[in-house]
Amino acid sequence: MKEVQKSVVLYYVQDEKKKIQMEVLGMSMSIATKQLKPSDLNTQVGVLAGLKNIKPLDWSQEEKTPAIFCMPEIILFSGMADKKLDEFLVSYRKVGLTPTKLKAILTPQNVNWTLYHLIRELSSERTQIEAMANRRGSAGSFSEAKKEGE
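Because the structure is a prediction, the values reported are computed rather than measured. (Residues numbered from 1 in each chain as written. Predicted model: local features only at pLDDT ≥ 70, side-chain atom pairs only at ≥ 80, totals over all residues. Heavy atoms only, no water.)

Trainee: Would you mind going over the pairing of strand 2 (residues 32-35) with me for this structure?
Mentor: Regular strands place side chains that alternate from one sheet face to the opposite one. Two strands pair when backbone bridges link them, and strand 1 (residues 8-12) and strand 2 are joined in this way by four bridges, in the parallel orientation. The partner of Leu10 across the bridge, within strand 2, is Lys34. (Pairing = 2+ DSSP bridges. Helix = DSSP H or I, 4+ residues; strand = E, 2+ residues; numbered from the N terminus.)

Trainee: I tried to follow the sheet that holds strand 1 on my own but got confused; where do I start?
Mentor: Backbone-to-backbone hydrogen bonds join strands into a sheet, with any given pair of strands oriented parallel or antiparallel. The four strands are arranged 2-1-3-4 in an open sheet whose pairing can be described as mixed. Here the strands that pair on one side only, and so sit at the sheet edges, are strand 2 and strand 4 (102-105). Strand-to-strand, the axes of this sheet are offset by a mean angle of 15°, without reference to chain direction. Sitting on the sheet, helix 3 (residues 82-94) is in contact with strand 1, strand 3 (74-78) and strand 4, with an inclination near 150° to strand 3. (Axes fitted to C-alpha atoms, helices over the stretch in contact; angles between N-to-C directions. Contact = heavy atoms within 4.5 Å.)

Trainee: Got a minute to help me understand the packing of aromatic side chains in this structure?
Mentor: Enumeration over the complete set of coordinates arrives at three aromatic pairs. With a centroid separation of 5.0 Å and 85° between ring planes, the pair formed by Phe69 and Tyr116 is classed as edge-to-face. Highlighted residues: Phe69 in the loop between helix 2 (45-48) and strand 3 and Tyr116 in helix 4 (residues 115-135), separated in sequence by 47 residues. With 6.4 Å between their ring centres and 35° between their planes, Phe88 and Tyr92 make a pair best called tilted. Note that Phe88 and Tyr92 are positioned in helix 3 at a spacing of four residues, about one turn of the helix. The residues Phe88 and Tyr92 share a single accessibility class, namely buried. (Phe/Tyr/Trp six-rings, centres within 6.5 Å; stacked < 30°, edge-to-face > 60°. Buried < 20%, exposed > 50% of the residue type's maximum accessible area, 1.4 Å probe, protein only.)

Geometric descriptors of this kind do not, in isolation, establish any biological role.
Here you go:
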């Protein structure tokens, strides 16, 4: 039997006001929210999302978080239908929340990754997209660069 995923938004933000706004937004849309902590960096994102049957991590194959690592803001969506995700993102902008550069959807590919691994991957992708935008001479045109990179 396939596991039914509960909709949840996992996030890490440093600003206290933004934390409250994330919680209120989740409640207003009947979406569970979970605040991530730096101590979660070596935990698999599927475990953080509350999924069962996550295969144990092979630490010989996984890079551990460096002792000194500044955790960036991140939002991770788990178990959300496309329509609900779109509604969340529209509401996020409408309430005036400052943009969060690193966002991801929990997928079969990343469900077993640690939060640190996911942050590394997202940061790398973001750097590539921004470099592409800069090469095109349109540093402010992130959406155009993203379309080109797809």
